[in-house]
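# Coordinate inspection notes
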Amino acid sequence: MEHILLASVISLIGGLGIGYIIRKYIAEAKIASAETASKKIIDDAEKEAEAKKREAILEAKEEVHRLRHEVERESRDRRNELQRHERRLVQKEETLDKKTDSLDRKENELRKKDSTIDKMKVELENVYEQQVSELERLSNLTSEEARTILLTNTENEIKHEKAMLIKDLEHKAKDEAEKRSREIISTAIQRFAADHVAETTVSVVSLPSDDMKGRIIGREGRNIRTLETLTGIDLIIDDTPEAVILSGFDPIRREVARIALEKLIADGRIHPAKIEEMVEKAQNEVQVQIREQGEQATFETGVFGIHPEMIKYLGRLKYRTSYGQNVLKHSIEVAQLAATMASELGVDVQLAKRAGLLHDIGKATSHEMEGPHVTLGAELAKKYGESPEIIHAIAAHHGDIEPETIEAVLVQAADAISAARPGARRETLEAYIKRLQKLEEIADSFESVEKAFAIQAGREIRIMVKPEKANDEGAVILARDISKKVEAELEYPGQIKVMVIRETRAVSFAK
């Protein structure tokens, strides 16, 4: 048993020794392998570092070469630029030398001319004294006596010319008064919007059936009376099938009545309380539409920064007409025309456009307010913070005051162009053509007229006269006679300019 135990111990010790030897051998092998791998990694790293070093040196050389090339190119360009500047300076110096020589020559010439003029003055004074003495001897009058006679004759001539001028001014004042009266009447008609044109003072509301007419009238007419009282619009219910006509001079009230009636028809419940509710809703809706129309006009023209109250006044122009022409559309057109002309002339485009858009803003005020729309528009613009240039352009667009800026003149011209465009204002094409033909016929009816042309959309008649049958004074009289005949036989808006041209030509041929 002891032998067995001893053998086991010896075997264990031997196993441990063999294991130790084996582990030592394996560890040394791993260390050797790790040293070999580390040397290889170091060698590879050195080789890679060397390669990168060579690449960096090459890139640095290329960068230096590129920079040297750029510096040489910039230096060459600067040398060329300096040479050009030197040549220009030399040319300028030569030009200045030439101008200096020319000025010296001119100065010498002027000195000589001054000397000559001084001599001539002395000679003229001597001649004048001799002539005065000779005239006194021949006329047996002294200088004072001759001066008295001359002044007397001149005074008589001035009195005659003064009388002629006064007479001419009276005629002009009369013509201007007639023109001004027409403008006042037309402006009053535009702002008041009375029922002189049926198309601008009535609206038609369609009905689902004729039975609705009785419901609109109501028991003993209470519904129709309530609607008319609340809106101020007359409801005309006649034999027209499935339609009710709204009549009134105020287009905003008429629009309120139309919307309220359409809402009542759609709702079906028509009685005084419901009418009051629908009229109030319609009024609010129309106010919203007015503001939206004003905002749309500013967006369409590109004019911003307008006071909200001014935008409301601008929207009200949608419900105003001038000879059938919608005033809001007219204002937008004037803004675009003024801006176009301003851009061509190189002046302030935004100022011209803004003034054109607001030039008729006075027509949006109620007709109860006193004063012409030009004055009211200028007051509104001033009240809501528009610039003095805009206020002046509004005040001057009808010539009430003299325009002081180019933009004011452009607004005035754009307003005339928009209004004078054929078809812009209420006048059928047939009536327009007949008026032009009649205008030319009136001019041709005079014996001394050779040709007559109606131009500027019928606002001007240009007449060529036969020079042998009418002298210069006769041309003036002819223009006056034609204008009087036009006033008597034609009906037209505004005024018509009568221009008589007398021309004499002499022709010869060189052979």
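Residues numbered from 1 in each chain as written. Predicted model: local features only at pLDDT ≥ 70, side-chain atom pairs only at ≥ 80, totals over all residues. Heavy atoms only, no water.

## Digging into the overall build of the protein chain
Each helix and strand in the protein chain was counted, giving 15 helices and eight strands. Going through the 511 residues of the protein chain one by one, you find that 28% of them count as buried. Looking at the protein chain alone, contacts between residues at least 24 apart form 61% of all its contacts between residues at least 6 apart. As displayed, the protein chain has an accessible area near 34,600 Å², and 55% of this comes from carbon and sulfur atoms. (Helix = DSSP H or I, 4+ residues; strand = E, 2+ residues; numbered from the N terminus. Buried < 20%, exposed > 50% of the residue type's maximum accessible area, 1.4 Å probe, protein only. Contact = heavy atoms within 4.5 Å. Areas by Shrake-Rupley, 256 points an atom, 1.4 Å probe, with all protein chains shown as cover.)

## Re the pattern of salt bridges
Oppositely charged side chains may form a pair once their charged atoms are brought near each other. As enumerated under the stated definition, the model contains 21 salt bridges in all. Of the charged contacts, one joins Arg 66 and Glu 63 as a salt bridge, the two residues approaching to 2.2 Å between their closest N and O atoms. Taken together, the positions of Arg 66 and Glu 63, both in helix H1 (residues 2-139) and three residues apart, correspond to about one turn of that helix. What you see here is one network of salt bridges that share partners, running through Glu 63, Arg 66 and Glu 70. (Salt bridge = Lys/Arg side-chain N within 4 Å of Asp/Glu carboxyl O.)

## Description of a negative patch on the surface
There is a patch of like negative charges on the surface, built from Glu 93, Glu 94, Asp 97, Asp 101 and Asp 104. Tracing the backbone through its elements, the reader meets Asp 97 in helix H1. (Patch = residues over 30% accessible without salt bridge, like charges linked within 9 Å, V, L, I, M, F, W, Y side chains within 5 Å. Lys, Arg positive; Asp, Glu negative; His and termini not counted. Charge placed at Lys NZ, Arg CZ, Asp CG, Glu CD.)

## Here we look at the packing of helix H9 (residues 327-345) against helix H10 (residues 349-358)
Two packed helices can be described by the angle between their axes and the distance between those axes. Taken N-terminus to C-terminus, the directions of H9 and H10 make an angle of 160°; their axes are 7 Å apart at the nearest point. With respect to H10, the axis of H9 lies roughly antiparallel. H9 and H10 meet at a crossing whose hand is right-handed. Residues Ser 331, Ile 332, Val 334, Ala 335, Ala 338, Ala 339, Ala 342 and Ser 343 of H9 form the contact with H10, whose participating residues are Val 349, Ala 352, Lys 353, Gly 356 and Leu 357. (Axes fitted to C-alpha atoms, helices over the stretch in contact; angles between N-to-C directions. Parallel < 35°, antiparallel > 145°, perpendicular 65-115°, else oblique. Left-handed = near helix turned anticlockwise from the far one by under 90°.)

## Quick notes on the confidence of the model for the protein chain
Regions with low pLDDT should not have their predicted coordinates read in detail. Taken over all residues, the pLDDT of the protein chain has a mean of 80, while the share at 70 or more is 87%. Across residues 184-199 the pLDDT falls below 50, and counting only partners more than four positions away or on other chains, this stretch makes 27 contacts in the model. (pLDDT = per-residue confidence, 0-100.)

## Focus: the pairing of strand S7 (residues 460-465)
In this sheet, S7 lies alongside strand S6 (residues 449-455) in antiparallel orientation, the contact comprising six bridges. Along S7, the bridge assignment pairs Phe 453 with Arg 462. Note: S7 against strand S8 (residues 497-502), six bridges, orientation parallel. Of the residues in S8, the one forming a bridge with Met 464 is Ile 501. (Pairing = 2+ DSSP bridges.)

## Focus: the side chain of Glu 407
Relative to the elements of secondary structure, Glu 407 occurs in helix H13 (residues 406-420). When sequence neighbours within four positions are dropped, the list of residues in contact with Glu 407 reads Val 347, Asp 348, Leu 351 and Ala 352.

## Here we look at helix H11 (residues 373-383)
Inspection of H11 places His 373, Val 374, Leu 376, Gly 377, Ala 378, Leu 380 and Ala 381 among the buried residues, and these make up the whole buried set. Phi turns positive, to about 80°, at Gly 385, one or two residues after H11.

## As for a nonpolar patch on the surface
On the surface, Ile 18, Ile 22, Tyr 25 and Ile 26 cluster together to form a nonpolar patch covering roughly 430 Å² of accessible area. Looking at the element boundaries, Ile 26 is found in helix H1. The class for Ile 26 is partly exposed, based on a relative accessible area of 41%.

## With respect to the environment of Arg 258
Along the chain, Arg 258 falls in helix H6 (residues 251-267). When the C-alpha atoms of Arg 258 and Leu 246 are compared, they prove to be 7.3 Å apart, with twelve residues separating the residues in sequence. Residues contacting Arg 258, with those up to four places away along its chain left out, are Val 205 and Leu 246. Within polar-contact distance, the side chain of Arg 258 engages the side chain of Glu 262 at 2.9 Å. (Polar contact = N/O pair within 3.5 Å; in protein donor to acceptor, adjacent residues only side chain to side chain.)

## Focus: the packing of H10 against helix H12 (residues 388-396)
Closest axis-to-axis distance for the H10/H12 pair is 9 Å, and the angle between their directions is 50°. Comparing their axes, H12 and H10 come out oblique. Considering only the axes of H10 and H12, their crossing is right-handed. Judged by residue contacts, Leu 351, Arg 354, Ala 355 and Leu 358 of H10 engage Glu 389, Ile 390, Ala 393 and Ile 394 from H12. Of the residues assigned to the contact of H10 with H12, the class counts are six nonpolar, no polar and two charged. (Nonpolar A, V, L, I, M, F, W, Y, C, P; charged D, E, K, R; others polar.)

## So, the sheet that holds S6
Strands pair in a sheet through their backbones, by hydrogen bonds, and they do so in one of two ways: parallel or antiparallel. With respect to topology, three strands assemble into an open sheet ordered S6-S7-S8, the strand pairing being mixed. Each edge of the sheet is formed by a strand with only one pairing partner; in this case those strands are S6 and S8. Recorded for the sheet is a direction-independent mean angle of 20° between the axes of neighbouring strands. Its contacts with the sheet place helix H15 (residues 472-489) against S6, S7 and S8, and it is angled at close to 155° to S8.

## Digging into helix H7 (residues 272-301)
Helical geometry: 3.6 residues make up each α-helical turn, so side chains three or four residues apart lie on a common side. Helix length check: H7 (30 residues) gives 43 Å between terminal C-alpha atoms against 44 Å at 1.5 Å per residue, within 8%. Looking only at H7, the buried set comprises Lys 274, Ile 275, Met 278, Val 279, Ala 282, Val 286, Ile 290, Gly 294, Ala 297, Thr 298 and Thr 301. Looking one or two residues beyond H7, the residue adopting positive phi is Gly 302, at roughly 75°. (Expected span 1.5 Å × (residues − 1).)

## Description of the nonpolar core
In terms of nonpolar packing, the biggest core is built from 35 residues, with Ile 306, Met 310, Leu 314, Leu 317, Leu 357 and Leu 358 touching the most fellow members. Among the secondary structure elements, those contributing two or more residues to this core are helix H8 (308-316), H9, H10, H11, H12 and H13. Residue contributions to this core peak at seven residues, all from H9. Once you skip the residues sitting within four places of it in the chain, Leu 317 turns out to touch Asn 326, Val 327, Leu 328, Ser 331, Asp 360, Ile 361, Lys 363 and Ala 364. By size, the runner-up hydrophobic cluster in this structure holds 26 residues, among which are Met 212, Ala 260, Val 279 and Ala 282. (Core = buried A, V, L, I, M, F, W, Y, C linked by side-chain atoms within 4.5 Å.)

## Some thoughts on the environment of Ser 387
With respect to the helices, strands and loops of the structure, Ser 387 is situated in the loop between H11 and H12. With relative accessibility at 27%, the residue Ser 387 sits in the partly exposed group. It is 9.8 Å that separates the C-alpha atoms of Ser 387 and Ala 355, two residues lying 32 residues apart in sequence.

## Some remarks on the pairing of strand S3 (residues 243-247)
The element S3 is extensively covered by neighbouring structure, given that four of its five residues are classed as buried. One ladder, built from three bridges, connects strand S2 (residues 234-236) with S3; its direction is antiparallel. Bridge pairing links Ile 236 to Ile 245 in S3. Taken together, S2 and the strand that follows it, S3, pair antiparallel across an intervening segment of six residues, in which Glu 242 is found at a positive phi of about 50°.

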